[in-house]
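# Per-entry structural report
Here's the letter readout for the chains.
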Amino acid sequence: MIKCPRCGKDVSSRPGTICPRCGLKVSEVTSKARCPEPSCRAIVSKKLEYCPKCGCKLKGYNFTEIIKMARCKIDETFDNKE
Ligand SMILES: [Zn+2]
Ligand SMILES: [Zn+2]
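The structure displayed is predicted, hence computed values, not measured ones.

## Overview of the coordination of the zinc ion (ligand 2)
At the metal site, the zinc ion (ligand 2) is ligated by Cys35 (SG), Cys40 (SG), Cys51 (SG) and Cys54 (SG), and these contacts range over 2.2 to 2.3 Å. Coordination at the zinc ion (ligand 2) comes from 4 donor atoms whose angles at the metal span 107 to 113 degrees, giving a geometry best classed as tetrahedral. Expressed as a motif, the donor residue spacing for the zinc ion (ligand 2) is C-x4-C-x10-C-x2-C. A residue is classified by how much of its surface remains accessible, and Cys51, at 3% relative accessible area, is buried. According to the relative accessible area criterion, Cys54 is partly exposed, its value standing at 37%.

Laid out in structure tokens, this is it:
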């Protein structure tokens, strides 16, 4: 059992648990992720946007950013052919 971070009710720590009192998706809030920074690797809450230890961005690139980057690379390749 873990405590709901919003209302403090004891709730199951199983994945997908929703607090029966306040409806908070407890497992989503309390789930942990590892910092992607190889020199840091701190275990941080998935809810955080930045690692509290090293300050790097945790959510990483979203999909559109990756596509944008890929596109830039393709453009560069074409430019260099000229
Ligand atoms: Zn709650
Ligand atoms: Zn970090």
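Once you've had a look at it, read on.
## Describing the confidence of the model for the protein chain
Low pLDDT means the predicted coordinates in that region are not meant to be read closely. Residues with a pLDDT of 70 or more make up 85% of the protein chain, whose mean pLDDT is 81. Taken element by element, the protein chain is modelled with least confidence in helix H2 (residues 63-81), mean pLDDT 68, and with most confidence in strand E2 (residues 10-11), mean pLDDT 93.

Cut-offs applied
- Residues numbered from 1 in each chain as written.
- Chains lettered and ligands numbered in written order.
- Predicted model: local features only at pLDDT ≥ 70, side-chain atom pairs only at ≥ 80, totals over all residues.
- Heavy atoms only, no water.
- Donors = N, O, S within 2.8 Å, 3.2 Å for Na, K, Ca; no water.
- Tetrahedral: all angles 85-135°; square planar, octahedral: opposite > 155°, others 65-115°.
- Buried < 20%, exposed > 50% of the residue type's maximum accessible area, 1.4 Å probe, protein only.
- pLDDT = per-residue confidence, 0-100.
- Helix = DSSP H or I, 4+ residues; strand = E, 2+ residues; numbered from the N terminus.

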